[in-house]
Amino acid sequence: MNALAELLDEATLAARAIPRLTDTADLDVPAAYQVQRATVERRLARGERIIGVKMGFTSRAKMVQMGVDDVIWGLLTDAMLVQHDLDTAGLIHPRIEPEIAFLLERPVRTPADVAAAVGGVAVGYEVLDSRYEGFSFTLADVIADNASASGFGHGPWHRPRDVANLGLVMEIDGRAVASGSSAAILGDPLRSLTAAARLASAAGIELQPGWVVLAGAATAAVPLPAGAHVRIAAAGLGHVEVTTR
Ligand code: OOG
Ligand code: MG
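J.: What's the story with the overall build of the protein chain in this structure? I'm lost.
T.: Of the regular secondary structure elements, the protein chain holds six helices and 12 strands. Its C-alpha atoms give the protein chain a radius of gyration of 17 Å, near enough to 18 Å, the size a compact globule of 245 residues would have. If you line up the protein chain on its principal axes, its C-alpha atoms span 45 × 40 × 35 Å. Counting all 245 residues of the protein chain, 52% fall into the buried class. Long-range contacts, defined here as pairs at least 24 residues apart, represent 74% of the contacts in the protein chain between residues at least 6 apart. Of the roughly 10,100 Å² that the protein chain leaves accessible, carbon and sulfur atoms contribute 51%. Side-chain charges in the protein chain split into 21 positive and 28 negative, and the spacing between the mean points of these groups amounts to 4 Å.

Given below as structure tokens:
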């Protein structure tokens with residue numbers, strides 16, 4: 001596991017894509033999550049802190065785009081939080097996608113804790129950067145690669161509210177590049193949070209107060225070029241912007 005984690009971690013640090021692990025290794029889903037954990041451990045050893053989790057493939061649009069059909073999750077660290085601008089030079093082939101973000105104010109150990117745990121909701125985005133050549137992978141590969149996690153950001157937090165059917169629009173340099181509804185996320189992004197709670201309890205991880213949970217993209221991701229201005233808006237939740245260099 002550690003050798004595979006090292007390959008992924010080095011690919012991340014060097015911004016150089018690698019062949020899929022499953023081309024040469026026998027990797028099932030439980031083993032892939034062990035590799036994921038080991039990649040995150042390497043980040044923690046460099047001083048990064050876990051500040052949340054991200055859900056993946058919670059919408060048909062994403063499953064169809066990537067050819068994968070199971071809900072997965074990955075871990076977010078403080079180093080991934082984007083503050084207004086992002087240097088794409090250190091990335092391989094970044095993509096961006098709109099997200100709904102939850103802020104936890106209480107620990108979540110089981111799905112039963114979810115309803116009382118949400119302290120805020122926001123419109124957000126995720127920057128994906130698969131460490132695999134051609135941004136192409138199997139389910140086990142993408143799990144091992146921490147669900148392609150690279151960066152994320154969110155707009156202002158709002159008090160908890162119904163986010164089941166919010167219109168989402170993502171623009172790059174003023175041109176709409178993706179639009180959809182939060183209903184595409186398992187019918188209601190809150191269900192994605194429940195799924196995160198289920199995966200967390202199975203993994204023996206407690207979701208912590210202060211953590212952010214990205215519910216998963218409602219639309220396909222789009223390539224994120226350098227020198228771009230991206231604006232993501234969700235009805236009732238305002239917007240968030242990011243500029244790339
Ligand atoms: C994997 C991550 C999927 C989402 O929101 O569905 C994901 C990928 O598409 O590279 O983050
Ligand atoms: Mg995502």
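J.: Please explain helix 6 (residues 189-203) as it appears in this structure.
T.: Given 3.6 residues per turn, any residue in an α-helix points the same way as the ones three and four places further on. Across its 15 residues, helix 6 extends 21 Å between first and last C-alpha, which sits within 8% of the 21 Å expected from 1.5 Å per residue. Taken together, the buried positions of helix 6 are occupied by Pro189, Ser192, Leu193, Ala195, Ala196, Ala197 and Ala200. The backbone nitrogen of Leu190 lies 2.9 Å from a side-chain oxygen of the residue at the head of helix 6, namely Asp188. Immediately beyond the C-terminal end of helix 6, within one or two residues, lies Gly204, with a positive phi of roughly 70 degrees.

J.: What am I meant to see in the packing of aromatic side chains here?
T.: We describe a pair of aromatic rings using the distance from one ring centre to the other and the angle between the two ring planes. Scanning all chains against the criterion turns up two aromatic pairs. Among the aromatic side chains, those forming a connected cluster through ring pairs are Tyr132, Phe135 and Phe137. Over the ring of Phe135 we find Arg95; its NZ or CZ atom is 3.8 Å from the centre of that ring.

J.: Is there a simple way to think about the sheet that holds strand 7 (residues 167-172) in this case?
T.: In a beta sheet, neighbouring strands pair by backbone hydrogen bonds and run either parallel or antiparallel. Here five strands make up an open sheet; going across it, the order is 3-12-11-7-8 and the pairing mixed. Looking at strand neighbours, the two that pair on one side only are strand 3 (85-86) and strand 8 (175-181), the edges of this open sheet. The pairing of strand 3 with strand 12 (residues 238-244) spans two bridges and is parallel. Its bridge partner being in strand 12, Asp85 is matched across the sheet by Thr243.

J.: What is the right way to read the coordination of the magnesium ion (ligand 2) from this model?
T.: Under perfect tetrahedral coordination by four donors, a metal shows angles of 109.5 degrees; under perfect octahedral coordination by six donors, it shows angles of 90 or 180 degrees. Here the magnesium ion (ligand 2) is held by the protein donor atoms Glu97 (OE), Glu99 (OE) and Glu126 (OE), which lie 2.0 to 2.1 Å from it. Spacing between the donor residues of the magnesium ion (ligand 2) along the chain follows E-x1-E-x26-E. With Glu97 in strand 4 (residues 95-104) and Glu126 in strand 5 (residues 118-128), the pair connects residues that are 29 residues apart, well separated along the chain. Each of the two residues, Glu97 as well as Glu126, counts as buried.

J.: In this structure, what is going on with the pairing of strand 1 (residues 50-56)? I would like to understand it.
T.: Two faces make up the sheet, and in a regular strand the side chains alternate between them. Strand 1 sits mainly inside the fold: seven of its seven residues count as buried. Judged from the six bridges that link them, strand 1 and strand 2 (residues 72-77) form a sheet pairing that is antiparallel. Each residue of the ladder has a partner; that of Ile50, found in strand 2, is Thr77.

J.: For this particular structure, what's the right way to read helix 1 (residues 2-14)?
T.: A rise of 1.5 Å per residue sets the reference length of helix 1, with its 13 residues, at 18 Å; its end C-alpha atoms lie 18 Å apart and thus fit the reference within 8%. Residues of helix 1 that are buried: Leu4, Ala5, Leu8, Asp9 and Ala11. Mapping the buried residues of helix 1 onto a view down its axis gives an arc of 155 degrees, with all of them on the same face. Set apart from the buried face of helix 1 by more than 90 degrees, the exposed residues are Asn2, Ala3 and Leu13.

J.: How should I be thinking about the nonpolar core in this particular structure?
T.: In globular proteins that are soluble, nonpolar side chains generally tend to be buried together. Counting residues in each nonpolar core, the largest one holds 48 residues, and the members touching the most others are Ile96 and Leu207. In contact with Leu207, not counting residues within four places along its chain, are Val53, Trp73, Leu104, Arg106, Pro107, Val108, Ala196, Ala197 and Ala200. Counting 26 residues, the second-largest nonpolar core is a separate cluster that includes Leu27, Val35, Met66 and Phe137.

Cut-offs and rules
- Residues numbered from 1 in each chain as written.
- Chains lettered and ligands numbered in written order.
- Predicted model: local features only at pLDDT ≥ 70, side-chain atom pairs only at ≥ 80, totals over all residues.
- Heavy atoms only, no water.
- Helix = DSSP H or I, 4+ residues; strand = E, 2+ residues; numbered from the N terminus.
- Rg over C-alpha atoms; globule rule 2.2 N^0.38 Å.
- Buried < 20%, exposed > 50% of the residue type's maximum accessible area, 1.4 Å probe, protein only.
- Contact = heavy atoms within 4.5 Å.
- Areas by Shrake-Rupley, 256 points an atom, 1.4 Å probe, with all protein chains shown as cover.
- Lys, Arg positive; Asp, Glu negative; His and termini not counted.
- Charge placed at Lys NZ, Arg CZ, Asp CG, Glu CD.
- Expected span 1.5 Å × (residues − 1).
- Polar contact = N/O pair within 3.5 Å; in protein donor to acceptor, adjacent residues only side chain to side chain.
- Phe/Tyr/Trp six-rings, centres within 6.5 Å; stacked < 30°, edge-to-face > 60°.
- Lys NZ or Arg CZ within 6 Å of the ring centre and 35° of its normal.
- Pairing = 2+ DSSP bridges.
- Donors = N, O, S within 2.8 Å, 3.2 Å for Na, K, Ca; no water.
- Arc of directions from axis to C-beta.
- Core = buried A, V, L, I, M, F, W, Y, C linked by side-chain atoms within 4.5 Å.

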